[in-house]
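The primary structure of each chain is shown beneath.
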Amino acid sequence: LGELAPDDLEQFAEAAWWTGKTDQCCHLLERAYAGHLRRGQPRRAALVSVKLAELFHHKAARSVSRGWLKRAERLLENAEDVVEYGYLLRSNTLLSFEVEGDPEAALQLAKQCFEIASRAGDENLLTLSIQDQGRILVAQGHLAEGMALLDEAMVTALSGELDPFTVGRTYCNMISTCEKTADYRRAAEWSEEARHWCEPYASSPFPGLCAVHRAEFMRLRGTLKEAEHEVLQVCGDSRGYVDIAAAAFYEMGEIRLRMGNYEGAEEAFHEAHERGRNPVPGLPLLLLTHGKV
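Residues numbered from 1 in each chain as written. Predicted model: local features only at pLDDT ≥ 70, side-chain atom pairs only at ≥ 80, totals over all residues. Heavy atoms only, no water.

Colleague: What's the story with the side chain of Arg256 in this structure? I'm lost.
Modeller: Positionally, Arg256 belongs in helix 13 (residues 242–259). If we ignore the near neighbours within four places in the chain, the residues touching Arg256 are Glu228, Leu232, Asn261, Gly264 and Ala265. (Helix = DSSP H or I, 4+ residues; strand = E, 2+ residues; numbered from the N terminus. Contact = heavy atoms within 4.5 Å.)

Colleague: Even after reading the chapter, I still don't get the packing of aromatic side chains, so can you show me in this structure?
Modeller: When we look at a pair of aromatic rings, we describe it by the centre distance and by the angle of the planes. Counted according to the given criterion, the structure contains 6 aromatic pairs. Residues Trp18 and Phe165 carry aromatic rings whose centres are separated by 5.1 Å and whose planes lie at 40° to one another, so their mutual orientation is tilted. Taken together, the residues Trp18 in helix 1 (residues 6–18) and Phe165 in helix 9 (residues 164–181) connect sequence positions 147 residues apart. Each member of the pair, Trp18 as well as Phe165, is classed as buried. The structure contains a cluster of three or more aromatic residues connected by ring pairs, namely Trp17, Trp18, Phe165 and Tyr241. One Lys or Arg, Arg71, reaches over the ring of Trp68 and ends 4.7 Å from the middle of that ring. Here the guanidinium or amino end of Arg277 rests over the ring plane of Tyr250, the centre of that ring lying 3.8 Å away. (Phe/Tyr/Trp six-rings, centres within 6.5 Å; stacked < 30°, edge-to-face > 60°. Buried < 20%, exposed > 50% of the residue type's maximum accessible area, 1.4 Å probe, protein only. Lys NZ or Arg CZ within 6 Å of the ring centre and 35° of its normal.)

Colleague: Sorry, what's going on with the environment of Glu30 here?
Modeller: You can see Glu30 is positioned in helix 2 (residues 22–38). Measuring from C-alpha to C-alpha, the distance between Glu30 and Val48 comes to 7.9 Å, with 18 residues separating the pair along the chain. When residues no more than four places from it in sequence are discounted, the contact partners of Glu30 are Leu52, Phe56 and Trp68.

Colleague: I'm lost on a nonpolar patch on the surface in this one. Help?
Modeller: On the surface, Leu285, Leu288 and Val293 cluster together into a nonpolar patch covering about 330 Å² of accessible area. Examined against the element boundaries, Leu285 turns out to sit in helix 15 (residues 282–289). (Patch = residues over 30% accessible without salt bridge, like charges linked within 9 Å, V, L, I, M, F, W, Y side chains within 5 Å. Areas by Shrake-Rupley, 256 points an atom, 1.4 Å probe, with all protein chains shown as cover. Salt bridge = Lys/Arg side-chain N within 4 Å of Asp/Glu carboxyl O.)

Colleague: Would you mind showing me how to read the side chain of Arg90 here?
Modeller: Tracing the chain through its elements places Arg90 in helix 5 (residues 83–99). The class of Arg90 is buried, set by a relative accessible area of 6%.

Colleague: Looking at this structure, I do not really get the packing of helix 7 (residues 123–139) against helix 9. What am I missing?
Modeller: Two packed helices can be described by the angle between their axes and the distance between those axes. Viewed as axis vectors pointing N to C, helix 7 and helix 9 meet at an angle of 10°, and their least axial separation amounts to 10 Å. As the angle between them shows, helix 7 and helix 9 are arranged roughly parallel. When helix 7 is examined against helix 9, the residues Asn124, Thr127, Leu128, Gln131, Arg135 and Val138 are found in contact with a partner set consisting of Thr166, Arg169, Thr170, Asn173, Thr177 and Thr181. (Axes fitted to C-alpha atoms, helices over the stretch in contact; angles between N-to-C directions. Parallel < 35°, antiparallel > 145°, perpendicular 65-115°, else oblique.)

Next up, the structure:
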């Protein structure tokens, strides 16, 4: 391994990620980061920093994640027009939207990201910025405009022009948005496409999240035993992604609540809460069934 160049280490890290070895992936990217710096390639090092920030964010190591983002910011000072800065903006977009709850700031960042991606001709970043704008607009109540952007991003994802990471993110975000808006017709169409896409990547973290979404659709259709079986597999193997495990345990709670397994539901909701998932509305509904108004 000592002979590998930074580019090779990045490819090795990608292989580790797709086979579910997230800790090894992080270690390899850290080595790639150091290698790029030694070679005088600060922009490449910054891009690796952004990747590491995202990985640690999903592992619920938020302070470590922010540390890597700060490294990227320092390396990209006075380089606001390069595509690497666009990927940094994309990470800040997610923080503003998903963590800080500031959709206005997130939308402005997503638009800046779109402009950089357009100038650079980076189709992956362009698609991510389009679907980010769509998700944010939906959250702001602009449903038709937002879903149109998400559909546009999905069409691009299906075209074969994008790398697998971008395709997976776009699928997951589309299905998640459909869930939040109760657009089950659209969700069913795209979830079927997501299932076909996930099949070659069975060892990666993406299918875990897609399986949680599928379990929710099964629950909504009333096939509770099948839904429980689907989500149990994710609870047992979330590939080190704490947020995926949290989503799986929450969905398990929702399923067991409807099966009348109140003790199992409460246990699942608490497991989700311990991993950072707000157990609402599931846990309050469970309390109501016990008369604890």
